[in-house]
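What follows is the residue order along each chain.
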Amino acid sequence: MIFQHTLDLVLAGTKTATSRLVKPGETAVYGDDGQIEAVTHNGRDKYRVGKIYAVQPGRAKPAVGRIKLVGIKQQRVSETSTVEAAMEGFPSREAFFETWRTIHGADKLNANVWLLTFELVHAE
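1. Section: the pattern of salt bridges
Enumeration over the complete set of coordinates arrives at 5 salt bridges. Notably, a salt bridge pairs Lys15 with Glu88, separated by 2.8 Å at the nearest N-O pair. With Lys15 in the loop between helix H1 (7-12) and strand S1 (17-21) and Glu88 in the loop between helix H2 (82-87) and helix H3 (93-104), this pair connects stretches of sequence that are 73 residues apart. By relative accessible area, Lys15 is classed as buried at 3%. Taking the relative accessible area as the measure of exposure, Glu88 reaches 3% and is therefore buried.

So this is what it looks like as structure tokens:
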């Protein structure tokens, strides 16, 4: 996964969640417990709980660490709680929303996202 804006927080272990825009063709796959266990795109896994992902500072850049996905939730960006903003590595919801607007634009505050929670497995 690419973390251009918050890479240092991921590698320090203080960022344990990331919000990713829901894109057309992406579908949630639910487990027997009713929780999302995977997100698929055109029938292929995009995100799956339990899977380990490379942490990259940018597209086509070498991995600088590894994270394990521990949870997936779908929500609107505007529903991000104070706790979730802290998991994203921000001191407040307002700070999270400010960075979100800088990256994605103000029109994306009501967009649907996958809130991916993870744990740092290895930092290089």
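2. Focus: the layout of surface pockets
A volume near 750 Å³ is recorded for the largest pocket. When contributions to the lining of the largest pocket are tallied by element, the ones reaching two or more residues are S1, strand S4 (44-48) and H3. If you tally residues by element for the lining of the largest pocket, the top one is H3, at 5 residues. Taken together, the residues that form the lining of the largest pocket break down as 10 nonpolar, 8 polar and 6 charged.

3. Looking at the pairing of strand S3 (residues 36-41)
As paired strands, strand S2 (residues 26-30) and S3 are joined by 5 bridges and run antiparallel to one another. The residue of S3 that forms the bridge with Thr27 is Thr40. In sequence, S2 turns back onto S3 through a hairpin of 5 residues, with Gly34 there showing a positive phi of about 85°. Pairing geometry for S3 and S4, over 4 bridges, is antiparallel. Across the sheet, residue Thr40 finds its bridge partner in S4, namely Asp45. Remark: 2 residues form the turn of the hairpin made by S3 and S4, two consecutive strands paired antiparallel; Asn42 in that turn has positive phi of roughly 50°.

Rules behind the numbers
Residues numbered from 1 in each chain as written. Predicted model: local features only at pLDDT ≥ 70, side-chain atom pairs only at ≥ 80, totals over all residues. Heavy atoms only, no water. Salt bridge = Lys/Arg side-chain N within 4 Å of Asp/Glu carboxyl O. Helix = DSSP H or I, 4+ residues; strand = E, 2+ residues; numbered from the N terminus. Buried < 20%, exposed > 50% of the residue type's maximum accessible area, 1.4 Å probe, protein only. 1 Å grid on protein atoms, 1.4 Å probe; cavity = no way out; pocket = protein on both sides within 12 Å on 5 of 7 lines; lining within 4 Å. Points joined across faces, edges and corners; volume = space filled by probe spheres on them. Nonpolar A, V, L, I, M, F, W, Y, C, P; charged D, E, K, R; others polar. Pairing = 2+ DSSP bridges.

Limitation: the analysis is restricted to geometry and does not speak to function.
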